[in-house]
Amino acid sequence: MTKEKKIFVCQECGHISVRWLGKCPSCGAWNSFYEERTNQATTFHEKQKPHLISEIKSSDNIRVSTTIGELDRTLGGGLVGGAVVLLSGEPGIGKSTLVLLVSARLSGQGKKVLYISAEESLQQVSMRAERLGIKNAGTLFFVPENELKTIGEALESVMPDTVIVDSVQMIYDSEFDYPFGSVFQVKRAAQFFIEWAKKGNHSVFLIGHITKEGSIAGPKILEHLVDVVLYFEGDRLSNLRILRGMKNRFGSTDEIGVFKMDSSGLVEVPDSSRLFVSSISAAHPGLVIFPAQEGRRTILVEIQSLITTSYLGVPRRTFTGLDYNRVNLVLAVLEKKLRMNLASRDVYFNVSGGLRITESAADLAIAVASISSYRDVSCLPETVFIGEIALTGEIRPVQHIATRLKEAARLGFKQAFVPPGSEGVSSSGIKTVEVGWLGDIAGLAFKGAKDDIHR
Ligand code: TYD
Ligand code: MG
C-alpha cells in the first residue's frame, strides 16, 4: 500500500505545495491553500480488464443530432452518447441560453433531459424559456439544486438521457469541507458527472464560467477530464456569438458555430461567410479583407489597422482578435524590409465582429492593412489578400487557397493577391495576382500606387 502523504492545494488555481502557504506563488491568491491527502478520493474508480481491439465495438458511439446545426457542426456531427461536454465562456455571453435551447430540442425528440440549475431559480429559467418560445418540452425536467447527493437522488428519480449542469462551479459535495468553486469541489462534481455519463452512455453538458483574468477556478482544471471543450465567445457590443471547439475526443476541433443573440433568443447563422464584412467595395485606409478558414468554412473578415503618431514614451500596440506575436512579426518585417518607421507610432489592430484570427495566412492582409494606414491610402476595392510572410519578406503558400478563393468569388470579390504557385486558382472565378515578395505588394495593392513606401 502506498503511504499517505499530506499536500496543500491552492483552491483557486490548483498549485500544489508540501506546506501551507498564506499566498499562492502561482496565482497570488491569499488564504487559498487547503490540506488534501494524496489518497483522498476526488475520483470514483472502476476496475477495467484489458480488451482486444477487435472485440471493441465502435457502434457504441452513435451520434444524436441536437437539431441545432451550428452546434452539431462544432461537436463533429452531433452529440455522442457517454460524452461529457464542457461549455465555457464569460458570464452573460449566452451559455445558459444555448443549453436551454439544446435541452428543448433534445426533449422535442423524446429524450429525457435534466437541467440542474445551480445558479438561477426556476422562475428565472422559466422566464428565459418563455423568451425563447419553448413550449411543450414534455421530457425536460428542472431542478434548482447544487448539492451532489441531492442531485444524485434527482438523477435516480428522473433517469435522464442528458444532463445539463449550470454551472459546475456552483456544485459541491457536502461531505467535504471545501468552499464553493474550489478546485476540489469543481473536480469532484465533474468526476461525479463523468462517471455517471460513462456508466449509462449518457451525455452531459457542464457549464463553466471563465473571466478575462481567469480568476475563477474550474474550466481550465476540467479541460483534461472532459471529452469535449467548447468555448462560447463574442464581442459584447455585437450580437454575434461564436462557438469554438477547443478539444474533441470524437472529432476535429477546427469547426466553429455561428449564432446571433437577439431579442427573440439565440438564432443560428449558417451562411456566415459575409457577416463580418460591412461592404465588399468600401475602401478605407487601414481596412483589408481576409478570407479566414475556420474548419471547412471560409469566413471573410475585415482586418482594421490604425497607425498614428505616438505621444507616449513607449508607443502603444493593441491588437484585438489577432495573435500578438504574429502581428509584431509582420510589423518587424515591414520595418526592416520596407523601411517603414514604426518606432514612434501607436499601432492598433482590430478584427470585425469579435472573431479571432490566428492563422499565418493572414500575414499578408495584416501587412497590407499596416501599409494602407501608414500611408493613409485605401487598398484596391473588391480585393482580398492571402499569404504567409517569412522573416525574409517572402510570401509563402498557405492551405485551403482554392476554398478561400471560391468563397470570395461567390461573395462578389473580383481580385485576390495570393502566394506564388497557389493551386486551384484558375477555376475559382476570381482574378488572382501572385506576389512572391512583400516589397512588390506596396506597388500593386493600392490605387495608382507607385513603389513609394520609403517616403
Ligand atoms: P445567458 O444565457 O444568461 O448567459 P450566461 O449563461 O453565459 O451567463 O444570457 C445572458 C444575456 O443574453 C443577457 O444579457 C440577455 C441576453 N439574451 C438575449 O439577448 N435574448 C434572449 O432571448 C435571451 C434568453 C437572453
Ligand atoms: Mg448562465
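Structure shown above.
Residues numbered from 1 in each chain as written. Chains lettered and ligands numbered in written order. Predicted model: local features only at pLDDT ≥ 70, side-chain atom pairs only at ≥ 80, totals over all residues. Heavy atoms only, no water.

## As for the site of ligand 1
Line of reasoning, step 1. Close to ligand 1 lie 16 residues, the nearest being Gly 92, Lys 95, Ser 96, Thr 97 and Asp 262.
Line of reasoning, step 2. Within the contact set of ligand 1, an oxygen atom lies 2.7 Å away from a backbone nitrogen or oxygen of Gly 92.
Line of reasoning, step 3. Here an oxygen atom of ligand 1 and a side-chain polar atom of Thr 97 are 2.5 Å apart.
Line of reasoning, step 4. Calculation on ligand 1 without its partners gives an accessible area of 560 Å², and the protein chains cover 76% of this total.
Line of reasoning, step 5. For the shell around ligand 1, the secondary structure elements donating two or more residues are α2 (95-108), α3 (122-131) and β13 (256-262).
Line of reasoning, step 6. Looking at the shell around ligand 1, the element that brings in the most residues is α2, giving 3 residues.
Line of reasoning, step 7. Its residues assigned to classes, the shell around ligand 1 comprises 4 nonpolar, 7 polar and 5 charged. (Near = heavy atom within 4 Å. Polar contact = N/O pair within 3.5 Å; in protein donor to acceptor, adjacent residues only side chain to side chain. Areas by Shrake-Rupley, 256 points an atom, 1.4 Å probe, with all protein chains shown as cover. Helix = DSSP H or I, 4+ residues; strand = E, 2+ residues; numbered from the N terminus. Nonpolar A, V, L, I, M, F, W, Y, C, P; charged D, E, K, R; others polar.)

## Section: the packing of helix α7 (residues 324-337) against helix α8 (residues 363-375)
Two quantities define a packed helix pair, namely the angle between the axes and the distance from one axis to the other.
Line of reasoning, step 1. Two elements in contact, α7 and α8, have axes whose closest approach is 10 Å; the angle formed by their N-to-C orientations is 55°. Here α8 runs oblique to α7, going by the angle between their axes. Both α7 and α8 take part in a crossing whose hand is right-handed. On α8, the residues touching Arg 326, Val 327, Val 330, Leu 331 and Leu 334 of α7 are Asp 363, Ile 366, Ala 367, Ser 370 and Ile 371.
Line of reasoning, step 2. Tallied by class, the residues present in the contact of α7 with α8 amount to 7 nonpolar, 1 polar and 2 charged. (Axes fitted to C-alpha atoms, helices over the stretch in contact; angles between N-to-C directions. Parallel < 35°, antiparallel > 145°, perpendicular 65-115°, else oblique. Left-handed = near helix turned anticlockwise from the far one by under 90°. Contact = heavy atoms within 4.5 Å.)

## Topic: the sheet that holds strand β1 (residues 6-10)
Line of reasoning, step 1. If you walk across this open sheet you meet the 3 strands as β2-β1-β3, and the pairing is antiparallel. Whereas interior strands pair on both sides, the edge strands pair on one side only; in this sheet they are β2 (16-17) and β3 (33-37).
Line of reasoning, step 2. Pairing between β1 and β2: 2 bridges, direction antiparallel. By the bridge assignment, Val 9 is partnered in β2 with Ile 16. (Pairing = 2+ DSSP bridges.)

## Some remarks on α2
Line of reasoning, step 1. For α2, which comprises 14 residues, the first-to-last C-alpha distance of 20 Å matches the rise-based estimate of 20 Å (1.5 Å per residue) to within 8%.
Line of reasoning, step 2. Of all 14 residues in α2, 12 are buried; the element is thus mostly enclosed.
Line of reasoning, step 3. Turning to α2, its buried residues are Lys 95, Ser 96, Thr 97, Leu 98, Val 99, Leu 100, Leu 101, Val 102, Ser 103, Ala 104, Leu 106 and Ser 107.
Line of reasoning, step 4. Gly 110 sits one or two residues past α2 and shows a positive phi near 85°. (Expected span 1.5 Å × (residues − 1). Buried < 20%, exposed > 50% of the residue type's maximum accessible area, 1.4 Å probe, protein only.)

## Details of unusual backbone geometry
Line of reasoning, step 1. Residue Ser 167 follows Asp 166 across a cis peptide bond; omega there is 0°.
Line of reasoning, step 2. If you trace the backbone, Ser 167 turns up in the loop between β9 (162-166) and α5 (183-200).
Line of reasoning, step 3. A positive phi angle, close to 65°, is found at Thr 67, a residue other than glycine.
Line of reasoning, step 4. You can see Thr 67 is positioned in the loop between β4 (63-64) and α1 (69-75).
Line of reasoning, step 5. Residue classification places Thr 67 among the partly exposed residues on the basis of a relative accessible area of 37%.
Line of reasoning, step 6. Backbone geometry places Arg 339, a non-glycine residue, at a positive phi of 50°.
Line of reasoning, step 7. Residue placement: Arg 339 occurs in the loop between α7 and β18 (345-351).

## Describing the sheet that holds β13
Line of reasoning, step 1. Spatially, the 9 strands line up as an open sheet ordered β8-β7-β9-β10-β6-β11-β12-β13-β14, and their pairing is mixed. Either end of the sheet is taken by a strand with one partner, and the two such strands are β8 (140-143) and β14 (265-268). Across this sheet, the average inter-strand angle for adjacent strands is 20°, counted without regard to direction.
Line of reasoning, step 2. Summarising the sheet, strand β11 (residues 228-233) and strand β12 (residues 240-248) pair through 6 bridges and their orientation is antiparallel. Bridging from a neighbouring strand, Val 228 pairs with Asn 248 of β12.
Line of reasoning, step 3. The strands that α2 touches are β6 (84-89), β7 (113-117), β8, β9, β10 (203-209), β11, β12, β13 and β14; relative to β7, the one it contacts most, it runs at about 160°.

## Remarks on the packing of α2 against α3
Line of reasoning, step 1. Axis separation between α2 and α3 bottoms out at 11 Å; the angle between their running directions is 70°. Comparing their axes, α3 and α2 come out roughly perpendicular. Listed contacts from α3 to Ser 96, Thr 97 and Leu 100 of α2 are Val 125, Arg 128 and Ala 129.
Line of reasoning, step 2. Class assignment for the residues of the contact of α2 with α3 results in 3 nonpolar, 2 polar and 1 charged.

## Considering the pairing of β7
Line of reasoning, step 1. With 5 of 5 residues buried, β7 is to be regarded as a mostly interior element.
Line of reasoning, step 2. In β7, alternate side chains face the same way, and those of Val 113, Tyr 115 and Ser 117 on one face and Leu 114 and Ile 116 on the other are all buried.
Line of reasoning, step 3. Of the pairings in the sheet, the one linking β7 to β8 comprises 4 bridges and is parallel in character. Looking at the pairing, Val 113 lines up with Leu 140 of β8.
Line of reasoning, step 4. Between the parallel pair β7 and β8, the chain is carried across by α3, and the sense of this crossover is right-handed.
Line of reasoning, step 5. Inspection of the sheet shows β7 paired to β9 by 5 bridges, in the parallel sense. The residue of β9 that forms the bridge with Ser 117 is Asp 166. (Right-handed = clockwise from strand over helix to strand, strands pointing away.)

## A short note on the side chain of Glu 147
Line of reasoning, step 1. Looking at the element boundaries, Glu 147 is found in the loop between β8 and α4 (148-158).
Line of reasoning, step 2. One buried charged side chain, Glu 147, makes no salt bridge at all; its nearest oppositely charged neighbour is Lys 149, positioned 4.9 Å away.
Line of reasoning, step 3. Polar contacts involving the side chain of Glu 147 include one to the main-chain amide nitrogen of Lys 149, which spans 2.9 Å.
Line of reasoning, step 4. Polar side-chain contacts of Glu 147 include one of 2.9 Å to the side chain of Ser 174.
Line of reasoning, step 5. Look past the residues within four positions of Glu 147 in its chain and what remains in contact with it is Tyr 172, Asp 173 and Ser 174. (Lys, Arg positive; Asp, Glu negative; His and termini not counted. Salt bridge = Lys/Arg side-chain N within 4 Å of Asp/Glu carboxyl O.)

## A short note on the pattern of salt bridges
Line of reasoning, step 1. By the definition in use, this model includes 17 salt bridges.
Line of reasoning, step 2. Of the charged contacts, one joins Glu 233 and Arg 356 as a salt bridge, the two residues approaching to 3.4 Å between their closest N and O atoms. In this pair, Glu 233 sits in strand β11 while Arg 356 sits in the loop between β18 and α8, placing the two residues 123 residues apart along the sequence.
Line of reasoning, step 3. Residues joined by salt bridges that share partners form a network here, namely Glu 70, Arg 73, Glu 255 and Arg 297.

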